[in-house]
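As a plain string of letters, each chain reads:
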Amino acid sequence: MSDRVAIRRLPTGVPGLDEILGGGLPEFSFNLIAGAPGAGKTTVAQQIMFTLSGPDRPALYVTVAGEPPLKMLRYQQQFTYFDPARVNDSVRYVNLGQDIAGGRLEQLMGRIVQEVEATSPRVVVVDSFRSVAEAAQRAENAALELQHFVQQLAIRLTGWEATTFLVGEYVPSEVEQNPVFTVADGLLWLFQSLDRNSMVRKMQVMKMRGQAPIPGLHTFRITNDGVRVFPRMIVGPQEKSSGTSSQKHAQPTRLSIGVEKLDEMLGGGIPAGYSVLVAGPSGGGKSVLATSFIMEGARQGEPGIVAVFEKRPSEYSQTGHGGREFEQMVRDRRVGVIHTRPLDLSIDETLHDIVTAIHDLNAKRVVIDSLSGFELALAPTFREDFRESLYRMVAVLTGMGITLMLTAELEDSYTDLRFSPHGTAFLTDAIIMQRYIEVKGQLQRVMGVVKVRGSEHSNELHRFEITEDGIAIGETLGSYEGLLTGSPSAKAEPGRPRRKTRRAGP
């Protein structure tokens, strides 16, 4: 049996694209970049072309009936990947619009062959290939004519050892009808949608012969640097086996939360690699506790990341105890703060930023403050499956060995006991509850540990205060009952009638 032929994979120059392709772009492959107008097809093609082109790998960009080369260059030169020194040297633009005007595909084929033989390119882009299909429709045997043209073009360009990209405006329903989709080695589909005031762009690798691309839709952005893709992070068997489940069996190390009494209530601290939900009302002290958790980690040599969605970073650093110490930790790169743009985020983009920051700082702890703000920061289309996406995010981060703290704002409801506005409390390994109660006409805060998986913990409710030194946890409230109703009553002593506390108001 003959040895296998190794296929060289080329870097596309589009951050995240190589990953979702399954390791780069196969050399000499015949590819189609499809999507609706304005989806970013030309930008992707140009970015890949400028990445691959050079003195030893010339590129040919053929425009058929799309934008004229001069107009295209005017806008493409705004991107940082565009190199004007390569134009007419390593990169050559040719307009063959007149050759397709008569509807004769053999004439267009002849011109393409002529241009390829003259420049010997290693990268060829045909934009827009949809015009070729429309021209073929005027022929007597339109379907056969187009199929023959596509097959001959693929054979010739592959034989010339060119990596080819056909760019065209298509809709998904055409996949089964157009022969170009069958002949193409790789098929990259770009989508865009407008939901309220939010523009969302997504990308899917529908086909890549000889490789295993990451399935599903991946969000991407177009910035001054060009296209950036945010691959969907999938929890595989390896991450699952190294996550919280195995850690629990191995008696994981306990991490201090920075509040000694709360560590005792948790049974000795938070088990490393656990996810913790801090649920409570506005002003209850969730951010203060999260700050204490991150700062204590930094003091113990465990850098941390804070993803802020409700406050600006400058405001967050002033919250609770040690504002100046927190800011110094940020300057010393023991704490990283992520504050991404609101209203049009995707889960994958946010997760990408967090994972990048984790690797950059070698972080061990992460705070997401808060889930309510995070959901509002997402584009509306991503809020619909927020619960499923959050599950994936928690699984990825804890699978990396990160100890994760999530805060969730809840309105105090004294008729039911809830811990998350999204029904996601089951995703976490531990829950810390904060509530307001009224005692003798005064508003007071109480805190309790609801669960710590695989561990004993306190089931008592404690008063606590937010002071200049942070969170100070006081005595238990064992002398009261009905605490979670908001207005508890004092327990009656044996042999004495029960006496209720005074309530505020008339």
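Residues numbered from 1 in each chain as written. Predicted model: local features only at pLDDT ≥ 70, side-chain atom pairs only at ≥ 80, totals over all residues. Heavy atoms only, no water.

A. Highlighting the nonpolar core. Counting 39 residues, the largest nonpolar core has Ile368 and Leu397 as its most contacted members. When residues of this core are traced back to their parent elements, those giving at least two are strand 14 (275-280), strand 15 (304-308), helix 15 (347-361), strand 17 (365-369), helix 16 (371-377), helix 18 (386-399) and strand 18 (403-409). It is helix 15 that provides the largest number of residues to this core, a total of seven residues. In contact with leucine 397, not counting residues within four places along its chain, are Leu351, Ile354, Val355, Ile358, Ile402 and Leu404. In this structure, Val14, Ala59, Leu188 and Val229 belong to the second largest nonpolar core, which totals 37 residues. (Core = buried A, V, L, I, M, F, W, Y, C linked by side-chain atoms within 4.5 Å. Buried < 20%, exposed > 50% of the residue type's maximum accessible area, 1.4 Å probe, protein only. Helix = DSSP H or I, 4+ residues; strand = E, 2+ residues; numbered from the N terminus. Contact = heavy atoms within 4.5 Å.)

B. Spotlight on the packing of helix 12 (residues 286-299) against helix 14 (residues 323-331). Packing of helix 12 against helix 14 leaves a shortest axis separation of 11 Å and a crossing angle of 55°. Viewed along their axes, helix 12 and helix 14 adopt a mutual orientation that is oblique. Helix-helix and strand crossings are classified by hand; for helix 12 and helix 14 the assignment is left-handed. Across the interface between the two elements, Thr291, Met295, Ala298 and Arg299 of helix 12 pack against Glu325, Phe326 and Met329 of helix 14. (Axes fitted to C-alpha atoms, helices over the stretch in contact; angles between N-to-C directions. Parallel < 35°, antiparallel > 145°, perpendicular 65-115°, else oblique. Left-handed = near helix turned anticlockwise from the far one by under 90°.)

C. Focus on the environment of lysine 451. One can find lysine 451 in strand 20 (residues 442-452). In sequence terms lysine 451 and alanine 430 are 21 residues apart; their C-alpha atoms lie 5.1 Å from each other. Not counting residues up to four positions away in its chain, the partners in contact with lysine 451 are Ala425, Phe426, Thr428, Asp429, Ala430, Ile431 and His457. A distance of 2.8 Å separates a polar side-chain atom of lysine 451 from the backbone oxygen of threonine 428. (Polar contact = N/O pair within 3.5 Å; in protein donor to acceptor, adjacent residues only side chain to side chain.)

D. Here's a closer look at the sheet that holds strand 4 (residues 59-63). Taken together, the nine strands give an open sheet; going across it, the order is 5-4-6-7-3-8-9-10-11, and neighbouring strands pair in mixed fashion. At either margin of the open sheet sits one strand with a lone partner, and together these are strand 5 (91-95) and strand 11 (226-230). Strand-to-strand, the axes of this sheet are offset by a mean angle of 20°, without reference to chain direction. Across five bridges, strand 10 (residues 218-223) lies against strand 11 in antiparallel orientation. Residue pairing for strand 11: threonine 219 is matched across the bridge by phenylalanine 230. Each of strand 3 (30-35), strand 4, strand 5, strand 6 (123-127), strand 7 (163-169), strand 8 (186-195), strand 9 (198-208) and strand 11 touches helix 2 (residues 41-52); the most contacted strand, strand 7, lies at about 165° to it. Contacting strand 10 and strand 11, helix 15 runs over the sheet at an angle of about 90° to strand 11. (Pairing = 2+ DSSP bridges.)

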